[in-house]
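Structural overview for review
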Amino acid sequence: MNEKIDINTWLRKDHFNFFNAFEEPFFGATVDVDCTATYKEAKALEVSFFLLYLHKSLVAANQIENFKYRIIDGEVWKYEQVHASATINRPNGTFGFSYMDFHENFEDFRLDASKEIERVKNTTGLVPASSGENVIHYSAIPWLNFTSLSHARNYSYKDSCPKISFGKVRDENGKKIMAVSIHANHALMDGFHVSQFVDAYQELLHEKSTELISG
C-alpha cells in the first residue's frame, strides 16, 4: 500500500525543501560492479544476462526505502514497490521505452519482461510506456565502457524517478566488470542511500541466480 509522507515531521524535511527548489535536483555517481557470477549463471541457465542483472537491480532498489520515494504534486509518497521502465534496443539502432512489473521471483519477472521486450522490438518510435511514477528509468549501453554519464532532462517537469544505466561488460583480471550509473533526486536521497543500493546490488550479483529462480 502506498504511503503519503508527512513532510513537516519527516526526517528529511530540510533536505527536501532545500533540494526540491533546485532547477536540477539530480545528482549522480558511476561505479564498477563485479558481475562475473551473474554472467556465468546466465550463460549456464541460458537466460538473458540483461534481464538477470536488471532483475537483481530491481531487487536491490526495492530493499532501499529511499528508492521508493516519489514527488507527486509537491507531496512525497512512498510506493510499496517500484518497477522498471527500461529502454529496449532494436536491431535497426533505435530504441523504445518499456514497462516491466517487478516480481521477486526471477522466472516470473523474466517471462513478463521477455514479452514486453518483444512488443517493443516489433514497434517503431519511442512507444512511451504508461508506467506512472513508481518506476526506475533504466537504460543499457552495452557498447560503451563509460566512467561518467549525464541524462537529457526537461527541467520544467518535476521528475523524481531514479535513473540507472548499465555499460559495457569488460574483462579485468579474470572478472566481468560493468559500469553502473545511478542518478537520483537529492530531495529524496543522498549519497549514503546510493551506496546502500550499490552494496545490496553487488551482493546480489555475487549470489547464484538459481536462488532467485527457485525462491
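Identification of the protein as Chloramphenicol acetyltransferase from Pedobacter mendelii is taken from an unreviewed UniProt entry.

Brief notes about the pairing of strand 8 (residues 163-172)
Bridging between strand 7 (residues 135-140) and strand 8 involves four bridges; their strand directions are parallel. By the bridge assignment for strand 8, His137 is matched with Lys163. Of the pairings in the sheet, the one linking strand 8 to strand 9 (residues 175-185) comprises eight bridges and is antiparallel in character. Pairing of Glu172 across the sheet is with Lys175, part of strand 9. What sits between strand 8 and strand 9 in their antiparallel hairpin is a turn of two residues, with Asn173 showing a positive phi close to 55 degrees.

Comments concerning the nonpolar core
One finds Leu51, Tyr53, Met100, Tyr138, Phe166, Phe197 and Tyr201 to be the most contacted residues of the largest nonpolar core, which totals 45 residues. For this core, the secondary-structure elements that each account for two or more residues are strand 2 (26-34), helix 3 (49-63), strand 5 (83-89), helix 4 (106-121), strand 7, strand 8, strand 9 and helix 5 (191-206). For this core, the element with the most residues is helix 3, which contributes ten residues. When residues no more than four places from it in sequence are discounted, the contact partners of Tyr138 are Leu54, Ser57, Leu58, Ala84, Ser85, Ala86, Thr87, Ile164 and Phe166.

Concerning the packing of helix 3 against helix 5
Contact pair helix 3 / helix 5: the axes reach a minimum separation of 9 Å and the direction vectors enclose 140 degrees. One finds that helix 3 runs oblique with respect to helix 5. Handedness of the helix 3/helix 5 crossing: right-handed. Here Tyr53, Lys56, Ser57, Val59, Ala60, Ala61 and Gln63 of helix 3 come into contact with helix 5, specifically with Phe197, Ala200, Tyr201, Leu204 and Leu205. Broken down by class, the residue content of the contact of helix 3 with helix 5 amounts to nine nonpolar, two polar and one charged.

Topic: the environment of Asp112
Tracing the chain through its elements places Asp112 in helix 4. For Asp112, a relative accessible area of 37% gives the class partly exposed. Counting along the chain gives eleven residues from Asp112 to Asp101, while the straight-line C-alpha distance between them is 7.5 Å.

Analysis parameters
Residues numbered from 1 in each chain as written. Predicted model: local features only at pLDDT ≥ 70, side-chain atom pairs only at ≥ 80, totals over all residues. Heavy atoms only, no water. Pairing = 2+ DSSP bridges. Helix = DSSP H or I, 4+ residues; strand = E, 2+ residues; numbered from the N terminus. Core = buried A, V, L, I, M, F, W, Y, C linked by side-chain atoms within 4.5 Å. Buried < 20%, exposed > 50% of the residue type's maximum accessible area, 1.4 Å probe, protein only. Contact = heavy atoms within 4.5 Å. Axes fitted to C-alpha atoms, helices over the stretch in contact; angles between N-to-C directions. Parallel < 35°, antiparallel > 145°, perpendicular 65-115°, else oblique. Left-handed = near helix turned anticlockwise from the far one by under 90°. Nonpolar A, V, L, I, M, F, W, Y, C, P; charged D, E, K, R; others polar.

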